[in-house]
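# Structural characterization, general
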Amino acid sequence: NNSGGYSSGTAIGTGFQAYGRGMFSADINGDSRNDILGMDTSGNIYSYQSNGSTSAPLAASRQQVVTGVSSTNKILFGDVTG
């Protein structure tokens, strides 16, 4: 989260089982930190943007970024605004 890495597993949150269609990681806001994205079974995608913290919470509250995606086969995430 802060480019330093972790020496052991670190819990980043709970409730991610709601994202039954996939979990993704990408820097979607151009801050050089990977953000977490999750797609629920209805095809809604939520982002948890990294805040650079080394302690909880590691990311901002979730934000819905896409609705109604029908398949994860051809989804790519990245910083599209530069």
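Preceding this section is the structure that the text describes.
Let me sum up the structure you'll find in this document. (Residues numbered from 1 in each chain as written. Predicted model: local features only at pLDDT ≥ 70, side-chain atom pairs only at ≥ 80, totals over all residues. Heavy atoms only, no water.)

## Quick look at the overall build of the protein chain
Per the secondary structure count, the protein chain includes zero helices and four strands. Its helices and strands taken in sequence order, the protein chain reads β-β-β-β from the N to the C terminus. Counting every position in the protein chain, which comprises 82 residues, the buried fraction comes to 24%. Partitioning the contacts of the protein chain with sequence separation of at least 6, the portion at a separation of at least 24 is 34%. Only carbon and sulfur atoms are counted for the fraction: they give 47% of the accessible area of the protein chain, which is about 5300 Å². (Helix = DSSP H or I, 4+ residues; strand = E, 2+ residues; numbered from the N terminus. Buried < 20%, exposed > 50% of the residue type's maximum accessible area, 1.4 Å probe, protein only. Contact = heavy atoms within 4.5 Å. Areas by Shrake-Rupley, 256 points an atom, 1.4 Å probe, with all protein chains shown as cover.)

## Here's the deal with the side chain of aspartate 27
Looking at the element boundaries, aspartate 27 is found in the loop between strand E1 (22-26) and strand E2 (35-39). Despite being buried, aspartate 27 has no salt bridge partner; arginine 33 is the closest side chain of opposite charge, sitting 7.6 Å away. Only 3.3 Å separates the side chain of aspartate 27 from the backbone nitrogen of aspartate 31, close enough to count as a polar contact. If near-sequence neighbours (up to four positions away) are discounted, aspartate 27 is found in contact with Ser32, Arg33, Asn34, Asp35, Gly78 and Asp79. (Lys, Arg positive; Asp, Glu negative; His and termini not counted. Salt bridge = Lys/Arg side-chain N within 4 Å of Asp/Glu carboxyl O. Polar contact = N/O pair within 3.5 Å; in protein donor to acceptor, adjacent residues only side chain to side chain.)

## Quick notes on the environment of serine 47
With respect to the helices and strands, serine 47 occurs in strand E3 (residues 45-48). Taking C-alpha positions, serine 47 is 9.3 Å from alanine 59, a pair spaced twelve residues apart along the chain. The contact partners of serine 47, leaving out residues within four places of it in the chain, are Ile28, Ile36, Leu37, Ser61, Arg62, Gln63 and Val65.

## Focus: the packing of aromatic side chains
With the rule as written, the count across this model stands at three aromatic pairs. Pairing tyrosine 19 with tyrosine 46 gives two aromatic rings, centres 6.0 Å apart and planes at 50°, and the pair type is tilted. In this pair, tyrosine 19 sits in the segment before E1 while tyrosine 46 sits in strand E3, placing the two residues 27 residues apart along the sequence. Accessibility expressed as a relative area gives 6% for tyrosine 19, which makes it buried. Geometry around tyrosine 46 places arginine 62 over its ring, the cationic atom sitting 3.8 Å from the centre. (Phe/Tyr/Trp six-rings, centres within 6.5 Å; stacked < 30°, edge-to-face > 60°. Lys NZ or Arg CZ within 6 Å of the ring centre and 35° of its normal.)

## Re the sheet that holds strand E4 (residues 63-66)
Taken in spatial order, the four strands make up an open sheet running E1-E2-E3-E4, and their pairing is antiparallel. Taken across any chain shown, the strands that pair with only one partner, and hence form the sheet edges, are E1 and E4. Pairs of neighbouring strands in the sheet enclose a mean axial angle of 30°, with direction left out of account. Here E2 pairs with E3 via four bridges, running antiparallel. Within E3, the residue paired with glycine 38 across the bridge is tyrosine 46. (Pairing = 2+ DSSP bridges. Axes fitted to C-alpha atoms, helices over the stretch in contact; angles between N-to-C directions.)

So far we have only geometry, and geometry alone does not tell us how the molecule works.
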